[in-house]
Amino acid sequence: MTLKEKIKKATPEVVRLRRQIHQYPERGFQEEKTASLIEKVLTSCGIQHKRLCKTGVVGLIKGGKPGPTILFRADMDGLPVTEENDLPYKSKIPGVMHA
C-alpha cells in the first residue's frame, strides 16, 4: 500500500478522533479524558508513550537508523470560550471549546 493510500484509509478515523476531542474540551491540566484517549490510540498503534505533568502525553517512535530527531507538539487544552456555531461536533461542554 502506498503512503497516499494509507493516508486515505486513516483519514476517517483521524477526523472522528479530532471531532471527539473537539466535542469534549478540557481546560489546562484537566485533560484527563483527552490524555487517556491519546494514550489508547498510541497503544493501539504500538507507539511507546508516557505521561508528563499529569495530563501531558509523549509518544516515541524510534527509527531503524541513526539520524536527526523530529518533534511534533500539539496543545490539547480547551479555552474558556463559548462555541457559537451549529456544527454537529461543536463543544458539548458549556463555556469551554477548542478555539
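Data block above holds the structure.
Procedures and definitions
- Residues numbered from 1 in each chain as written.
- Predicted model: local features only at pLDDT ≥ 70, side-chain atom pairs only at ≥ 80, totals over all residues.
- Heavy atoms only, no water.
- Pairing = 2+ DSSP bridges.
- Helix = DSSP H or I, 4+ residues; strand = E, 2+ residues; numbered from the N terminus.
- Expected span 1.5 Å × (residues − 1).
- Buried < 20%, exposed > 50% of the residue type's maximum accessible area, 1.4 Å probe, protein only.
- Contact = heavy atoms within 4.5 Å.

## Some thoughts on the pairing of strand β1 (residues 48–52)
Then, number 1: Pairing between β1 and strand β2 (residues 56–60): five bridges, direction antiparallel. Bridge assignment links R51 to a residue of β2, and that residue is V57.
Then, number 2: Count of turn residues in the β1/β2 antiparallel hairpin: three residues, of which C53 carries a positive phi of about 50 degrees.

## Notes on unusual backbone geometry
Then, number 1: Of note, the phi angle at F29 is positive, near 65 degrees, even though the residue is not glycine.
Then, number 2: With a phi close to 50 degrees, C53 is a non-glycine residue in the positive phi region.
Then, number 3: In this fold, C53 is placed in the loop between β1 and β2.

## Notes on helix α2 (residues 32–44)
Then, number 1: Taking 1.5 Å of rise per residue, 13 residues should cover 18 Å, and α2 covers 18 Å from first to last C-alpha, within 8% of that figure.
Then, number 2: Every buried residue of α2 is listed here: T34, A35, L37, E39 and L42.
Then, number 3: Check the buried side of α2 and you find it contacts α1 (3–23), β1 and β2.
Then, number 4: Phi for G46, located one or two positions after α2, is positive at around 75 degrees.

So yeah, pure geometry; function would need other evidence.
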